[in-house]
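Residues per chain are reported as follows:
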Amino acid sequence: MDSITRTTREELRVNGYSLVPADQFVLAPELQPLVKGLADEWERLETDQYLTNGSRLRERRYDRFYFLPRTGEIRLRPHRPYYQSPGANDHAGGGQREVAPLSSATLANPLLTRLMRDDFAHFPLADDDTRLDEPWDVQCHQFRIISTPDEIGEPTPEGPHRDEVDYGVIHLMGRTNTEGDQSQVLTPDKELLTEFTLTEQMDTMFWADRQVLHAVQPTRTADHDKPATRDVLIMGYKHTPQLQRIEHA
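Residues numbered from 1 in each chain as written. Predicted model: local features only at pLDDT ≥ 70, side-chain atom pairs only at ≥ 80, totals over all residues. Heavy atoms only, no water.

Caption draft 1: Main features of helix 4 (residues 110-120). Here helix 4 has its buried residues at Leu 111, Leu 112, Leu 115, Met 116, Asp 119 and Phe 120. For helix 4, the arc enclosing every buried residue in end-on projection is 160°, short of the 170-degree limit, so these residues lie on one face. You can read the cap of helix 4 off the contacts: a side-chain oxygen lies 2.9 Å from the backbone nitrogen of Leu 111, and it is on Asn 109. (Buried < 20%, exposed > 50% of the residue type's maximum accessible area, 1.4 Å probe, protein only. Helix = DSSP H or I, 4+ residues; strand = E, 2+ residues; numbered from the N terminus. Arc of directions from axis to C-beta. Polar contact = N/O pair within 3.5 Å; in protein donor to acceptor, adjacent residues only side chain to side chain.)

Encoded structure:
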């Protein structure tokens, strides 16, 4: 285990979050050329149909995976609508949201599954933890937040929230003409713990979803004559031991 992984595990255990800048997020040499191909898929997302007031300033795709940590097995699960409880998301929770699935090119990119495995290695689970031998549900989200000279982009219109998972990871995939969009980590009582901005491709934030809330401030255009975009890949990991039975029912 490298020093970055050890540090991230300890920070997650103690603080509930950890930030790994892109220059410290180590990718195997054979994976580095695949980052651009994955990031290019943010040009092919679909408009989020569930924003208020008819806004079209968020695009997304989404799928879920079966993941068995001990063996590294990953399987794409059947595509279903996305659901959050009203308690987790008072903006759009409580309903089944139809979200476009990940593209075939995204699914075929080896970087995606490698990130699922490598991200999990940063979570504070001991080698003898029985959860390593049981399935986890991994939610994989691609988001593009758009801001125009006339309208501010809202990465998290629901405000400080949980994703109803055990651990989460945000990888910045791209950021153009953007200012604002500070990432925030808060206590369950919504007291601000830290605030920072992801600026470089593969800047990464890990968080323990049961310990802290998270949010992102509005996205604005730096040059007001052009639109701005903020692209993120979000992985949400939930220990789901009954998943083996569900998938084979």
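Caption draft 2: Looking closely at the sheet that holds strand 8 (residues 183-186). The sheet built from three strands is open, its strands ordered 9-8-11 with antiparallel pairing. Looking at strand neighbours, the two that pair on one side only are strand 9 (192-196) and strand 11 (213-216), the edges of this open sheet. Each adjacent strand pair in this sheet contributes to an overall mean axis angle of 20°, direction not counted. Taken together, the four bridges between strand 8 and strand 9 define a ladder with antiparallel strand orientation. In the strand pairing of strand 9, Val 185 is matched with Thr 194. (Pairing = 2+ DSSP bridges. Axes fitted to C-alpha atoms, helices over the stretch in contact; angles between N-to-C directions.)

Caption draft 3: Structural view of the packing of aromatic side chains. For the structure on display, the rule yields eight aromatic pairs. Here Phe 67 and Phe 120 contribute two aromatic rings whose centre-to-centre distance is 5.3 Å and whose plane-to-plane angle is 75°, an arrangement assigned as edge-to-face. Residue Phe 67 is located in strand 3 (residues 58-68), and its partner Phe 120 is located in helix 4; the two are separated by 53 residues in the primary sequence. Judged by relative accessible area, Phe 120 falls into the buried class, the value being 7%. Summarising the aromatic geometry, the rings of Phe 123 and Phe 206 are spaced 6.4 Å apart at their centres and angled 80° between planes, so their arrangement reads as edge-to-face. On the criterion of sequence distance, the pair formed by Phe 123 in the loop between helix 4 and strand 5 (136-147) and Phe 206 in strand 10 (residues 204-208) is long-range, its members being 83 residues apart. (Phe/Tyr/Trp six-rings, centres within 6.5 Å; stacked < 30°, edge-to-face > 60°.)

Caption draft 4: Quick look at the pattern of salt bridges. Here the structure, examined in full by the defined rule, presents 16 salt bridges. Between Glu 41 and Arg 44 there is a salt bridge, and its shortest N-O distance comes to 3.0 Å. Between Arg 75 and Glu 73 there is a salt bridge, and its shortest N-O distance comes to 2.4 Å. Looking at Glu 73, the relative accessible area reads 30%, which means it is partly exposed. The structure contains a network of salt bridges with shared partners spanning Glu 43, Arg 144 and Asp 231. (Salt bridge = Lys/Arg side-chain N within 4 Å of Asp/Glu carboxyl O.)

Caption draft 5: Inspection of the side chain of Thr 240 at higher detail. Its place among the elements puts Thr 240 in the loop between strand 13 (228-239) and helix 5 (243-247). Those residues in contact with Thr 240 that lie beyond four places of it in its chain are Pro 135, Trp 136 and Asp 137. (Contact = heavy atoms within 4.5 Å.)

Caption draft 6: How the structure looks around the environment of Ala 208. The topology assignment puts Ala 208 in strand 10. In this structure Ala 208 comes out as buried when scored by relative accessible area, which is 2%. In sequence terms Ala 208 and Val 165 are 43 residues apart; their C-alpha atoms lie 8.4 Å from each other. Among all residues touching Ala 208, those that are not within four sequence positions of it are Leu 12, Gly 16, Asp 166 and Tyr 167.

The values are spatial; any link to function lies outside them.
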